[in-house]
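Residue strings, one per chain:
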Amino acid sequence: MTAVLRLGPLLRYVDWDTGTSATVWVEADRPCEAEVRCADGAGGTARTWRIAGHHYALVPVTGLRPGSTTAYGVFLDGERVWPPPGSLFPESVIRTPGPATDTVRVTFGSCRWAAPPPEAGGGPGDAAGPDALDALAATLVRGHGENAQPPDVLLLLGDQVYADKTSEATRRRLAARRCPAEPPGHQVADYEEYTYLYEESWLDPDVRWLLSTVPSLMIFDDHDLIDDWNTSAAWLAGARATPWWQERVLGGLMSYWVHQHLGNLSPAELAADKLYQAVCESGDGTQPLREFAVRADADPAAARWSYRRDFGRVRLLMADTRTRRVLEEGRRAMLDAAARDWLRDQALDAPGSYDHLLIGTSLPWLMPSAAHDAEAWNQALCAGERGPRWARLAEILRRRADMEHWAAFPASFEALTALVAEVGGGPEAPATVAVLSGDVHHAYVAEPAWPATRPVRSTVLQLTCSPVRQKVPGALRLAFRFGWSGAGRRLGRALARHGRVGRPSIGWRRTGGPWFGNQLMTLTLRGRSARLRLDQARTEKDLVTAHEATYEATYEAVPGATNGAAYGPGGAAGPPPPRTPVERPAPLTDIPD
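Residues numbered from 1 in each chain as written. Predicted model: local features only at pLDDT ≥ 70, side-chain atom pairs only at ≥ 80, totals over all residues. Heavy atoms only, no water.

A.B. asks: It is not clear to me how the nonpolar core should be interpreted in this structure. Could you clarify?
C.D. replies: The tendency in soluble globular proteins is for nonpolar side chains to be buried side by side. The biggest cluster of nonpolar side chains holds 93 residues, and the ones touching the most others in it are W257, L463, M521 and L523. Of all the elements, helix α6 (residues 245–261) adds the most residues to this core, at eight residues. Membership of the second largest hydrophobic core comes to 37 residues, among which are L343, W406, V460 and W484. (Core = buried A, V, L, I, M, F, W, Y, C linked by side-chain atoms within 4.5 Å. Buried < 20%, exposed > 50% of the residue type's maximum accessible area, 1.4 Å probe, protein only. Helix = DSSP H or I, 4+ residues; strand = E, 2+ residues; numbered from the N terminus.)

Laid out in structure tokens, this is it:
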């Protein structure tokens, strides 16, 4: 019997060093030989490996031509299974950069609830508006207009699946397998049930085609496991006390490794990954992967989910801000010492070798002023600043209000701020340093104002884009607007004073947004300029540009110059640009969505 393609193909890694190789991820319904054949003769094969009864392959594709766009097909045991017969979509292609490529397009967003719409049998509670990925696919298929240029990479910054918020369709599958009256009820319980979520998300026809032809990189956030995942030590202790949590977290980490993490890695990294090699060689990798997940849950240092990718003169550092937290009160950190040092080392590696630094973190670094101060206040109370009664109340509030962003880890906020300043203030500073985030169900641009004691030459941006598809209640929209307002800022400062919280070392202001809706941001990086575009899904087929901005390098890097000697237009020697000390600038006027 012919093998069937159950899921995929997903085009994941494309080599930007040589432009000659890529990887394609697939799931088949049985053991088989998976093959990718390209129109120009390039290709590759891989034998499937099994996890919990499912069969996967990550096919290495070699022999590609730099600067080419090559159509490909997928074969299982020699039978063509992709594109499917009668497909209305264009052929899936692999685009490779050429030697003179100086432009990189990065599209990013987070929070995609993939429940089917009511007309597709998803149930009345599943309506979350048009899917921005569907709209992007439709725009690329039409192939006209500037926003029809395909991204070089699609960054999915968390909440690719919602393990704790399942659709009516998924609930019916869960009920057919076990009694929903038993914990965890309508939430997923184990690896098998996680596969239901990925099928629901990636079998959407438009998204399936999109992921087959646009390379993707991913990182998890809380809903990939559960809301508030690793918010605090008390939260984690409570989760581990439940009878269902262990299987849930193991299923979540295992499924993330299979469906998301492996595709983030280059062929060289895969070859050096002992777990991946063991899984491929054994044929059935369920037990070694499960043992790895047990170790990773018990000791976060046993796994590194963060990664680095270089796209010519653009460097991306994707940081895991969920598993590497230090949760003990008094020592809380968003990143433990090893993860913090890794991020720093990668950012400072070979200064002058990149023009743009992108730091991917699912949670925003610069938040609305009121939210930042409220989270810092809450953290101080949880740590006992106002006594045990306030600490108990603050812990309840922390979980209910999702107070667990960078502001809730003040030392980590300042460490990231210092790293950005060090990168952006050096003699070979990149043109831009952009922190790419999601999570908060609206989009905005924020820019820090650096004090005179900390001169920074790079343009520094907090770019937050969320959701790709999710319901955002009107009350939440009002809350975020209030958070950016002058009144919100004053309330935040009052809370900070109550918690005896000092001001952060920098101020910042919103320079774009807030925008609400299902949306994606695209950065087009060319030379030392950056162009930002925000596109919103008006329907499943319409992606409408709602905002555009261009950022140019004001000060050129001078390789080999000492710090402070390269300031000035065109890199002319002179003193650093003057900066005025600021506390917290007033936000700009709201821009209607």
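A.B. asks: How do you make sense of the sheet that holds strand β12 (residues 216–218) when you look at a structure like this?
C.D. replies: Note on sheets: strands pair through backbone hydrogen bonds, and any given pair is parallel or antiparallel. Spatially, β12-β11-β10-β20-β21-β22 is the arrangement adopted by the six strands of the open sheet, whose pairing is mixed. Looking along the sheet, the strands with just one partner apiece sit at the ends: β12 and β22 (542–552). On average, each strand axis in the sheet is tilted by 20° relative to the strand beside it, whichever way the strands run. Where strand β21 (residues 529–539) meets β22, ten bridges bridge the pair, whose relative direction is antiparallel. Across the sheet, residue A530 finds its bridge partner in β22, namely Y551. (Pairing = 2+ DSSP bridges. Axes fitted to C-alpha atoms, helices over the stretch in contact; angles between N-to-C directions.)

A.B. asks: Where do I start with the confidence of the model for the protein chain in this structure?
C.D. replies: Detail in the predicted coordinates should be disregarded across regions flagged by low pLDDT. On average, residues of the protein chain score 91 in pLDDT, and 91% of them reach the 70 mark or higher. A low-confidence stretch, residues 558–593 (pLDDT under 50), is modelled with 91 contacts involving residues beyond four sequence positions or located in other chains. (pLDDT = per-residue confidence, 0-100. Contact = heavy atoms within 4.5 Å.)

A.B. asks: Teacher, can you tell me more about the sheet that holds strand β2 (residues 22–28) here?
C.D. replies: Strands sit in the order β1-β2-β6-β5 across an open sheet of four strands; the sheet is antiparallel. One side of each edge strand has no neighbouring strand; the edge strands of this open sheet are β1 (5–14) and β5 (49–51). Shown here is a sheet whose adjacent strand axes are inclined to one another by a mean of 25°, direction ignored. Pairing of β5 with strand β6 (residues 54–61), which is carried by three bridges, proceeds in the antiparallel orientation. Residue I51 lies in a different strand from β6, and its bridge partner there is H54. Along the sheet, α6 makes contact with β1, β2, β5 and β6, crossing β5 at roughly 145°.

A.B. asks: Please clarify how the pattern of salt bridges should be interpreted in this entry.
C.D. replies: Summed over all chains, the structure comprises 35 salt bridges. A salt bridge links E193 to R177; its shortest N-O distance comes to 2.8 Å. Taken together, the residues span a long stretch of sequence, with E193 in helix α3 (residues 191–202) and R177 in helix α2 (residues 168–177) at a distance of 16 residues. With relative accessibility at 0%, the residue E193 sits in the buried group. Residue classification places R177 among the partly exposed positions, given a relative accessible area of 40%. In this structure, the salt-bridge partner of E328 is R331, at a minimum N-O distance of 2.9 Å. When salt bridges that share partners are traced, they join D221, D222, R322, R325 and E404 into one network. (Salt bridge = Lys/Arg side-chain N within 4 Å of Asp/Glu carboxyl O.)

A.B. asks: What is the right way to read the environment of R457 from this model?
C.D. replies: If you trace the backbone, R457 turns up in the loop between β17 (443–449) and β18 (459–464). Residue R457 is classed as buried on the basis of its relative accessible area, which comes to 6%.

A.B. asks: Even after reading the chapter, I still don't get unusual backbone geometry, so can you show me in this structure?
C.D. replies: Note on backbone geometry: most residues besides glycine have negative phi, and most peptide bonds are trans. Cis geometry is found at the peptide bond from G8 to P9, where omega equals 5°. Looking at where P9 falls in the secondary structure, it is placed in strand β1. Following S466, the chain continues to P467 via a peptide bond in cis, the omega torsion being -5°. Here P467 is to be found in the loop between β18 and α14 (474–484). Positive phi, normally seen in glycine, also occurs at D159, with a value near 55°. Tracing the backbone shows D159 in the loop between β11 (153–156) and α2. Looking at D159, the relative accessible area reads 1%, which means it is buried. Of note in the backbone geometry, R500 takes a positive phi value of approximately 55° without being a glycine.

A.B. asks: When you look at helix α9 (residues 286–298) in this model, what are you seeing that I'm missing?
C.D. replies: For an α-helix the count is 3.6 residues per turn, leaving residues at separations of three or four pointing the same way. In this model α9 runs 18 Å from its N-terminal to its C-terminal C-alpha over 13 residues, within 8% of the 18 Å that 1.5 Å per residue would give. Along α9, the residues classified as buried are L289, F292, A293, A296 and D297. Buried residues in α9, looked at end-on, bunch into an arc of 130°, giving them a common side. (Expected span 1.5 Å × (residues − 1). Arc of directions from axis to C-beta.)

A.B. asks: Got a minute to help me understand the packing of aromatic side chains in this structure?
C.D. replies: How two aromatic rings sit relative to each other is given by the distance of their centres and the angle of their planes. Scanning all chains against the criterion turns up 18 aromatic pairs. For the ring pair W16 and F311, a centre distance of 5.6 Å and an interplane angle of 80° mean the geometry is edge-to-face. Pair noted here: W16 is in the loop between β1 and β2 and F311 is in strand β13 (residues 307–311), with a separation of 295 residues, a long-range link. Its relative accessible area of 13% is what places W16 among the buried residues. Judged by relative accessible area, which is 3%, F311 ranks as buried. Measuring from centroid to centroid gives 5.7 Å for W25 and Y56, while their planes differ by 35°, and the two rings are tilted. (Phe/Tyr/Trp six-rings, centres within 6.5 Å; stacked < 30°, edge-to-face > 60°.)

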